[in-house]
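This is what each chain is made of:
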Amino acid sequence: MIASSSTRAAALLLRRAAAAPRPPVASAAPVAVSSSSPVPSSSSSSSSSVPRRPFHAAPPSRAKLNVEGLASKVDLSGRNVLVRVDLNVPLSKEDDVTVTDDTRLRAVVPTTKFLLEKGANVVLCSHFGRPKGQVIETGKNGRLTPVVEPLKALLGTDVRKVDDCVGAEVEAAARSLKGGEVLLLENTRFRAGETKNDPELAAGLGKLAEYFVMDAFGTAHRAHSSTAGVTEHVKLSAAGYLLDKELKYLKGAVDEPSRPLCAVVGGAKVSTKLPVIESLIEKCDSILLGGGMIFTFYRAMGYDVGKSMVEEEYIELAGKLMKQAEEKGVKLILPPDVVLADKFAEDANTAIAKSSEISGEWMGIDVGPETFKLFSQEISQCNTIVFNGPMGVFEMTPIATGTYAEQRC
């Protein structure tokens, strides 16, 4: 049974009924971290060299308030509610303005409509691409203007947009809302402080509303000004319908799984997956790693990775995670082979190589066919599978094999 169908950063949960006895779990020695793997000792350097982690986690004891709970606690009529959503939709390559997939826009509707029905003003905020602190007029890293008309149609109401996410003009626009209105802020990542959880930016966002609702599951693990810092500047914070649903699915699958429990974790950066992997090591029987982050793990094992993406400052932490998994008796399995490309483009020349034989100008972009076989075998032994993140560059159709193959397992 598929428990969640969210893509990329969202979790796909799959439970398999244990109708028949399972065969013995096959050995994954060629790629599982073992005592013979060249994992750096945790005492090899002082803790002062460990980088500050760009993520946050709520204390386990803190009660989770959802949007309905918020409405039951306070009268939202005429009040401003800042809602962090994910409007990071794909645009047509032909004109850079036409939304080609409105899945993420439709995900915004339930929470927004609920708040509007309660008489609240909804102030929507989101990032769009990776403009890195620069104002870009159009395209996948540009302004949020392309989503305005589709949002109007989906919500059945007017959506007013401003050209910044903080500042005097934005504050004036927020104050002018009369009740049951929608205001869309500009791309939060036009502000360089957004991804650094800048306190001043967080305070500026907090001036726009009395309450905050987080409904961007794919960015909930990041400590940014619009996801974490802003919560210090509002009266109450709550989870929207999308986030609340995903948390409930995850809790059921991970806290009370039908074992064996396997997690398939992908994604580009180790830095954003550290808390996920650390938590799963405490709960899973096996963890299969994919995506761009595997090359940081390979470096921790002493492998050459060519031009593949590596977060140098997290190599030591990657080694510590492998050591931690080994000590817990959890199989942390890395791909035995990868798909390589000579450039980051759909028309790139590609090749397949063993993970220990990457070199030169080649970069890893997906898991290889042997990995798919190995991962499929491991998954077939398990009753509960948690899937989080892509196995490769899934945005480029010709080289998205690994991500979609793993979802079909």
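Residues numbered from 1 in each chain as written. Predicted model: local features only at pLDDT ≥ 70, side-chain atom pairs only at ≥ 80, totals over all residues. Heavy atoms only, no water.

Q: Can you help me understand the overall build of the protein in this one?
A: Helix and strand counts for the protein stand at 11 helices and 14 strands. By the burial criterion, 51% of the 409 residues in the protein qualify as buried. If you take every contact in the protein between residues at least 6 apart in sequence, the share linking residues at least 24 apart comes to 73%. (Helix = DSSP H or I, 4+ residues; strand = E, 2+ residues; numbered from the N terminus. Buried < 20%, exposed > 50% of the residue type's maximum accessible area, 1.4 Å probe, protein only. Contact = heavy atoms within 4.5 Å.)

Q: What is the right way to look at the packing of aromatic side chains in this model?
A: Scanning all chains against the criterion turns up 3 aromatic pairs. Note on Phe114 and Tyr241: the rings are 5.7 Å apart at their centroids and 85° apart in plane angle, and the pair reads as edge-to-face. Linking Phe114 in helix α2 (residues 103-117) with Tyr241 in helix α6 (residues 241-255), this pair joins segments that are 127 residues apart in sequence. The class of Phe114 is buried, set by a relative accessible area of 13%. Judged by its relative accessible area of 26%, Tyr241 falls in the partly exposed class. Pairing Phe295 with Tyr298 gives two aromatic rings, centres 5.8 Å apart and planes at 70°, and the pair type is edge-to-face. Placement of both Phe295 and Tyr298 in helix α8 (residues 294-300) is noted, with a separation of 3 residues, approximately one turn of the helix. Residue Phe295 is classed as buried on the basis of its relative accessible area of 2%. Following the ring pairs from residue to residue traces out a cluster consisting of Phe295, Tyr298 and Tyr303. (Phe/Tyr/Trp six-rings, centres within 6.5 Å; stacked < 30°, edge-to-face > 60°.)

Q: Sorry, what's going on with the packing of α2 against helix α3 (residues 148-155) here?
A: Geometry of a packed helix pair, given as the angle between the helix axes and the separation of the axes. Two elements in contact, α2 and α3, have axes whose closest approach is 10 Å; the angle formed by their N-to-C orientations is 50°. Between α2 and α3, the angle falls in the class oblique. Here α2 runs over α3; the crossing is right-handed. Residues Leu105, Arg106, Val109, Thr112 and Lys113 of α2 touch α3, and the partners they reach there are Pro150, Leu151, Leu154 and Leu155. Tallied by class, residues from the contact of α2 with α3 come to 6 nonpolar, 1 polar and 2 charged. (Axes fitted to C-alpha atoms, helices over the stretch in contact; angles between N-to-C directions. Parallel < 35°, antiparallel > 145°, perpendicular 65-115°, else oblique. Left-handed = near helix turned anticlockwise from the far one by under 90°. Nonpolar A, V, L, I, M, F, W, Y, C, P; charged D, E, K, R; others polar.)

Q: Would you mind going over the sheet that holds strand β13 (residues 363-367) with me for this structure?
A: To summarise the sheet geometry, strands pair through backbone hydrogen bonds and adopt either a parallel or an antiparallel arrangement. An order of β12-β11-β13 is seen for the 3 strands of this open sheet, with the pairing classed as antiparallel. Here the strands that pair on one side only, and so sit at the sheet edges, are β12 (350-354) and β13. Recorded for the sheet is a direction-independent mean angle of 40° between the axes of neighbouring strands. Bridging between strand β11 (residues 337-341) and β12 involves 5 bridges; their strand directions are antiparallel. Within the sheet, the bridge partner assigned to Ala341 lies in β12 and is Thr350. Relative to β11, helix α10 (residues 369-380) is tilted by about 145°, and along the sheet it contacts β11, β12 and β13. (Pairing = 2+ DSSP bridges.)

Q: In this structure, what is going on with the side chain of Ser225? I would like to understand it.
A: Mapped onto the secondary structure, Ser225 falls in the loop between β6 (211-214) and β7 (236-239). A distance of 2.9 Å separates the side chain of Ser225 from the backbone nitrogen of Asp198, its partner in a polar contact. The residues touching Ser225, leaving out its near neighbours within four places in the chain, are Gly193, Glu194, Asn197, Asp198, Leu201, Ala202, Leu205 and Val230. (Polar contact = N/O pair within 3.5 Å; in protein donor to acceptor, adjacent residues only side chain to side chain.)

Q: Help me out: how do you make sense of the confidence of the model for the protein in this one?
A: This prediction gives the protein a mean pLDDT of 84; 81% of its residues lie at or above 70. Predicted confidence for residues 1-31 stays below pLDDT 50, and this span has 86 contacts to residues more than four positions away or in other chains. In this model residues 52-62 is a low-confidence stretch, pLDDT under 50, and it forms 22 contacts with partners more than four residues away in sequence or in other chains. (pLDDT = per-residue confidence, 0-100.)

Q: For this particular structure, what's the right way to read the pattern of salt bridges?
A: When charged atoms on two side chains of opposite charge get close, those side chains can pair. All chains considered together, the criterion is met by 20 salt bridges. Close ionic contact of Lys161 with Glu186 constitutes a salt bridge, the shortest N to O distance being 2.6 Å. Of this pair, Lys161 sits in strand β4 (residues 159-161) while Glu186 sits in the loop between β5 (182-184) and α5 (199-206), and the two are 25 residues apart along the sequence. Each of the two residues, Lys161 as well as Glu186, counts as buried. (Salt bridge = Lys/Arg side-chain N within 4 Å of Asp/Glu carboxyl O.)

Q: Help me understand the nonpolar core in this model?
A: Looking at soluble globular proteins, one finds that nonpolar side chains tend to be buried together. Judged by nonpolar contacts, the single largest core of 37 residues is most densely connected at Ile287, Leu289 and Phe297. Elements that contribute at least two residues to this core include exactly α6, β8 (261-265), α7 (270-281), β9 (286-289), α8, α9 (315-328) and β11. In terms of residues, this core owes the most to one element, α9, which gives 6 residues. Beyond its immediate stretch of four places on either side in the chain, Ile287 contacts Ala263, Val265, Ile277, Leu280, Ile281, Val330, Lys331, Leu332 and Ile333. In this structure, Val85, Phe114, Leu144 and Ala238 belong to the second largest nonpolar core, which totals 33 residues. (Core = buried A, V, L, I, M, F, W, Y, C linked by side-chain atoms within 4.5 Å.)

Q: What's the story with the packing of α7 against α9 in this structure? I'm lost.
A: Packing of α7 against α9 brings their axes to within 10 Å, and their N-to-C directions diverge by 10°. Viewed along their axes, α7 and α9 adopt a mutual orientation that is roughly parallel. Facing α7, whose interface residues are Leu274, Ile277, Glu278 and Ile281, α9 presents Leu317, Leu321, Gln324, Ala325 and Lys328. Grouping the constituent residues of the contact of α7 with α9 by class yields 6 nonpolar, 1 polar and 2 charged.

Q: Hey, could you run me through α3 in this one?
A: Given 3.6 residues to a turn, an α-helix orients residues that are three or four positions apart in the same direction. Taken as a whole, α3 has its buried residues at Val148, Leu151 and Leu155. Here the buried residues of α3 occupy an arc of 65° about the axis, which is enough to place them on one side. Those residues of α3 that are exposed and angled more than 90 degrees off the buried face are Glu149 and Ala153. Considering only its buried residues, α3 is in contact with α2, β3 (121-125), β4 and β5. (Arc of directions from axis to C-beta.)

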